[in-house]
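Structure at a glance
Residue strings, one per chain:
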Amino acid sequence: MRRLTLVPMLLVACAFVAPNVTSQTLCDRACLTRVADEYFAAMAAHDPKKAPIAPNARFTEQTQVTAVGDGLWTTASEAPTTFKIYVADPVAGQIGGIVMMKDAGTPIQLAVRLKVQNRQIVEAEHLIWTNINANSQANLQTPRPGLLATVLPAERLPREVLFLYAHGYYDAIEQSDGKAVPFADDCVRREGGIHTAGPRPAAAGAPPVTAPAAGPTSAQGSGMGSMTCAAQLDTRFMSYIESINLRRVWIADEEKGLVFGLSMFHHPMNEKVLTLVYPDGTRGPRDMTTQRQFDMAAAHIIKVRDRKIHEIEATGAVLPVNSKNGWSDFLR
């Protein structure tokens with residue numbers, strides 16, 4: 001069972017994930033942020049010429065190869081305003097982000113990745129989450145302050161180590177092991193704006209989670225959503241996720257302690273009834289017999305400070321099972 005161990009050997013081993021950097025790809029954090037803002041402004045104006053997009057740029061939306069100017073470019077009605085989380089990485093020449101904007105007047109959450117060379121966008125991809133409901137709207141007005149806070153210089157981790165935290169998080173989910181990566185006790189996970197793990201005010205003083213008469217079906221609808229990020233994974237609550245494939249952990253911001261990851265969550269639903277193991281040692285079922293097979297093209301932004309994961313912001317697009325991501329010929 002893999003667990004995150006931060007040793008020099010691993011730092012060397014993971015260095016291969018960093019793309020080559022040349023003078024042609026150099027665009028600092030301010031430059032990357034400006035490019036992203038120009039990209040969104042151009043999209044709201046339905047005019048790709050207003051953004052620094054290379055003539056041969058490759059673009060996918062919901063994992064499908066699409067012509068620049070099509071898809072969300074034709075229907076976007078408002079660029080991101082108050083909810084923007086950017087992860088800018090000059091070393092990779094890329095910026096990833098999760099933002100709120102409007103599509104034909106309707107709020108959507110969008111994950112975006114832009115690759116910049118010679119100060120032009122050569123790659124762009126969108127993952128759109130449309131299920132913005134009453135339970136998530138309040139969490140999608142502004143980003144959590146912790147996500148945007150600058151990490152003190154003495155406490156910053158190298159981008160290669162931030163990559164390890166992201167992979168460690170994926171491993172923790174696959175293995176149902178809350179100790180596979182260091183989680184803070186105050187870690188909060190939000191998915192599409194919905195609070196799915198970690199302490200929340202409504203749960204203050206609540207008794208520990210025990211086995212209910214009928215097993216919980218979702219984190220949102222049960223006390224499972226108030227458990228710590230680590231303890232929830234230990235229950236096997238997310239063991240219906242068989243694998244996390246096509247991991248692209250390329251983008252990190254050392255100043256903010258943020259890492260941006262893209263992946264494909266694979267849900268073949270082979271196990272129809274999960275066995276959950278509660279903190280008190282009792283067991284209970286989670287009935288998944290009505291859940292259809294699906295994959296989730298997912299985007300995650302993970303905040304690391306004090307060498308622990310404190311915030312997780314996630315979004316993505318629900319796809320048919322065994323979907324490709326638009327950037328690889330393979331499923332895994």
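Residues numbered from 1 in each chain as written. Predicted model: local features only at pLDDT ≥ 70, side-chain atom pairs only at ≥ 80, totals over all residues. Heavy atoms only, no water.

**Structural notes on unusual backbone geometry**
The general pattern is negative phi for most residues beyond glycine and trans for most peptide bonds. Phi angles above zero are rare outside glycine, and serine 176 is one such case at about 50°. Structurally, serine 176 can be placed in the loop between helix H6 (159-175) and strand S8 (183-191). Backbone geometry at arginine 307 places phi at a positive 60°, although glycine is not the residue there. The topology assignment puts arginine 307 in the loop between strand S14 (294-305) and strand S15 (308-319). Take arginine 307: its relative accessible area is 49%, and that puts it in the partly exposed class. (Helix = DSSP H or I, 4+ residues; strand = E, 2+ residues; numbered from the N terminus. Buried < 20%, exposed > 50% of the residue type's maximum accessible area, 1.4 Å probe, protein only.)

**Remarks on the sheet that holds strand S9 (residues 194-197)**
Reading across the sheet, the six strands line up as S9-S8-S15-S14-S11-S10 and stay open at both edges, with mixed pairing between neighbours. The open sheet has two edge strands with one neighbour each: S9 and strand S10 (243-253). Across the sheet, the mean angle from the axis of one strand to that of its neighbour is 25°, orientation sign disregarded. The strands touched by H6 within the sheet are S8, S10, strand S11 (258-267), S14 and S15, with S10 carrying the most contacts at an inclination of about 155°. (Pairing = 2+ DSSP bridges. Axes fitted to C-alpha atoms, helices over the stretch in contact; angles between N-to-C directions. Contact = heavy atoms within 4.5 Å.)

**Observations regarding helix H2 (residues 29-44)**
Taking 1.5 Å per residue as the helical rise, H2 with its 16 residues ought to reach 22 Å, and the 23 Å between its terminal C-alpha atoms agrees with that figure. Taken as a whole, H2 has its buried residues at Cys31, Leu32, Val35, Ala36, Tyr39, Phe40, Ala42 and Met43. Capping the start of H2 is the job of one residue whose side-chain oxygen sits 3.3 Å from the backbone nitrogen of alanine 30: aspartate 28. In the segment just after H2, histidine 46 is the residue with positive phi, at about 60°. (Expected span 1.5 Å × (residues − 1). Polar contact = N/O pair within 3.5 Å; in protein donor to acceptor, adjacent residues only side chain to side chain.)

**Re the pairing of strand S6 (residues 106-117)**
Here strand S5 (residues 94-103) pairs with S6 via ten bridges, running antiparallel. Directly across from methionine 100, in S6, lies its bridge partner glutamine 109. Of the strand pairs in this sheet, S6 and strand S7 (residues 120-129) are connected by nine bridges, and their pairing is antiparallel. For arginine 113, the partnering residue across the bridge sits in S7 and is glutamate 125. The antiparallel pairing of S6 with S7 creates a hairpin that spans two residues between the two strands, and asparagine 118 there sits at a positive phi of about 55°.

**Things to note about the pattern of salt bridges**
By the definition in use, this model includes 14 salt bridges. The closest approach of N and O atoms between aspartate 37 and lysine 84, which form a salt bridge, is 3.0 Å. With a gap of 47 residues between them, aspartate 37 in helix H2 and lysine 84 in strand S4 (residues 84-89) connect regions that are remote in the sequence. Relative accessible area serves as the criterion here: at 31%, aspartate 37 is assigned to the partly exposed category. Taken together, the shared-partner salt bridges in this structure form one network comprising Arg113, Glu123, Glu125 and Arg248. (Salt bridge = Lys/Arg side-chain N within 4 Å of Asp/Glu carboxyl O.)

**Some words on the packing of aromatic side chains**
A complete count under the given rule lists five aromatic pairs for this structure. For the pair tyrosine 39 and tryptophan 73, a centre-to-centre distance of 5.2 Å together with 85° between the ring planes defines the contact as edge-to-face. With tyrosine 39 in helix H2 and tryptophan 73 in helix H3 (residues 72-75), this pair connects stretches of sequence that are 34 residues apart. Neither residue differs from the other here; tyrosine 39 and tryptophan 73 are each classed as buried. These aromatic residues form a ring-pair network of at least three members: Tyr169, Tyr170, Phe183 and Phe265. Over the ring of tryptophan 250 we find arginine 248, and its NZ or CZ is 5.8 Å from the ring centre. Above the ring of phenylalanine 237, the side-chain terminus of arginine 286 is found at 3.9 Å from the ring centroid. (Phe/Tyr/Trp six-rings, centres within 6.5 Å; stacked < 30°, edge-to-face > 60°. Lys NZ or Arg CZ within 6 Å of the ring centre and 35° of its normal.)

**Quick word on the side chain of threonine 315**
For threonine 315, the location among the structural elements is in strand S15. Every residue in contact with threonine 315, bar those within four places of it in the chain, is listed here: Ile98, Gln109, Ala111, Trp129, Gly192, Ala297, Ala298 and Ala299.

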